[in-house]
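# Close look at the chain arrangement
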Amino acid sequence: MPIDATLPYDDSNIFARILRGEIPSKRVYEDEFALAFHDINPQAPTHILVIPKGAHVSWDDFSERASADEIAGFVRAVGKIAREHGLVAPGYRLLANVGADSGQEVPHLHVHIFGGRGLGPMLAR
Ligand code: AMP
């Protein structure tokens, strides 16, 4: 069920619970600003989710309210994780869904990293 990205942050969402260690995830990276883990339902050979540690519903919320350090740390983490997974030479795709039209399901900002095969057209037609 897609979320309404204008709603306030709800700290019972599943990624908040992963951040608190209440439910398991296959973690691949963690630093002061970001946590990354494998998507539970991968749509490409590499499908990693990167989330900021702060309480942000979506890219909209994050870009408006996060500190410069949080934004820089998160963006650098996404690039580092892609490099660590050998995705730069073959290429990869980043995706961040925001709100209902995008189909965003989890109301904690996450960037999908897809790679490991040709990824096809940018959007379903
Ligand atoms: P989005 O549609 O952009 O909100 O994407 C949510 C993503 O979270 C989907 O690709 C799900 O497969 C993934 N997901 C949901 N629950 C979990 C979980 N417990 N661990 C890892 N990935 C999850």
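The preceding data block contains the structure.
Residue numbers run consecutively from 1 along every chain, following the written order of its sequence. Note on the predicted model: pLDDT of at least 70 is required for a residue's local features to be given, and 80 or more for side-chain atom pairs to be given and counted; whole-chain, interface and lining totals, by contrast, use all residues. By convention in this description, side-chain values take in all heavy atoms of the structure and omit both hydrogens and water.

### Considerations on the site of the ligand
In the vicinity of the ligand lie 16 residues, with Asp39, Asn97, Glu105, His110 and His112 positioned nearest. In this structure, Gly103 approaches the ligand through a main-chain N or O atom, which is 3.3 Å from an oxygen atom. Here Val106 contributes a backbone N or O atom positioned 3.2 Å from an oxygen atom of the ligand. A 1.4 Å probe and the Shrake-Rupley method give the accessible areas. Residues count as covered only by the protein chains that appear here. A total of 510 Å² of accessible area belongs to the ligand in isolation, and the protein chains cover 85% of it. Mapped by element, the contributors of at least two residues to the shell around the ligand are α1 (14-19) and β2 (34-38). For the shell around the ligand, the element with the most residues is α1, which contributes 3 residues. Classification used: nonpolar for Ala, Val, Leu, Ile, Met, Phe, Trp, Tyr, Cys and Pro, charged for Asp, Glu, Lys and Arg, polar for all others including Gly. Here the shell around the ligand is composed, by residue class, of 7 nonpolar, 7 polar and 2 charged. Residues are classed as near a molecule or strand on a simple rule: at least one heavy atom within 4 Å of it. Think of a polar contact as two N or O atoms within 3.5 Å of one another; within protein, one of them needs to be a possible hydrogen donor and the other a possible acceptor, and neighboring residues in sequence only count if both atoms come from side chains. By definition, any uninterrupted DSSP run of H or I lasting at least four residues is a helix, any uninterrupted run of E lasting at least two residues is a strand, and each is numbered from the N terminus.

### Remarks on the pattern of salt bridges
Salt bridge, as used here: a side-chain nitrogen of Lys or Arg that lies within 4 Å of a carboxyl oxygen of Asp or Glu. Throughout the structure, instances matching the rule amount to 6 salt bridges. Between Arg17 and Glu22 there is a salt bridge, with the nearest N and O atoms lying 3.5 Å from each other. The buried label applies to any residue whose accessible area, calculated with a 1.4 Å probe on protein chains only, is under 20% of its type's maximum; exposed applies above 50%, and partly exposed to all values in between. Relative accessible area serves as the criterion here: at 32%, Arg17 is assigned to the partly exposed category. Of the charged contacts, one joins Arg65 and Asp61 as a salt bridge, the two residues approaching to 2.9 Å between their closest N and O atoms. Of this pair, Arg65 and Asp61 both sit in helix α2 (residues 59-65), 4 residues apart, which is roughly one turn of the helix. Using a relative accessible area of 56% as the deciding quantity, one classes Arg65 as exposed.

### Here's the deal with the packing of aromatic side chains
What counts as a ring pair is set by centres within 6.5 Å for rings of Phe, Tyr and Trp (its six-membered ring), and what kind of pair is set by the plane angle: stacked under 30 degrees, edge-to-face over 60, tilted for all other angles. For the structure shown, the criterion picks out 3 aromatic pairs. Between Phe15 and Phe37, the aromatic rings sit 5.3 Å apart at their centres with planes inclined by 70 degrees, giving edge-to-face as the arrangement. With Phe15 in helix α1 and Phe37 in strand β2, the pair connects residues that are 22 residues apart, well separated along the chain. Accessibility assignment for this pair places Phe15 and Phe37 in one class, buried. A centroid spacing of 6.3 Å and a plane angle of 55 degrees characterise the contact between Trp59 and Phe62, whose relative ring orientation is tilted. On the criterion of helical spacing, the pair formed by Trp59 and Phe62 is a turn pair, its members being 3 residues apart in helix α2. Overall, the relative accessible area of 38% leaves Trp59 in the partly exposed class. What makes Phe62 buried here is its relative accessible area of 2%. Ring pairing ties together the aromatic residues Trp59, Phe62 and Phe74, which thus form one cluster.

### Considering the sheet that holds strand β1 (residues 27-30)
Taken in spatial order, the 5 strands of this open sheet run β1-β2-β3-β5-β4, and their pairing is antiparallel. Looking at strand neighbours, the two that pair on one side only are β1 and β4 (92-95), the edges of this open sheet. When strand polarity is set aside, the average angle formed by the axes of neighbouring strands in this sheet is 20 degrees. Relative to strand β5 (residues 111-115), strand β3 (residues 46-52) runs antiparallel, the two sharing 5 bridges. Along β5, the bridge assignment pairs Thr46 with Gly115. The contact definition used throughout considers only heavy atoms, calling two residues in contact when any of these lie within 4.5 Å. Interaxial angles span 0 to 180 degrees and are taken between N-to-C directions of axes, which are lines fitted to C-alpha atoms, for helices over the stretch in contact. Together, β1, β2, β3, β4 and β5 form the strand contacts of helix α3 (residues 68-84), whose direction differs from that of β3 by roughly 160 degrees. Only strands joined by at least two bridges in the DSSP assignment are considered to pair.

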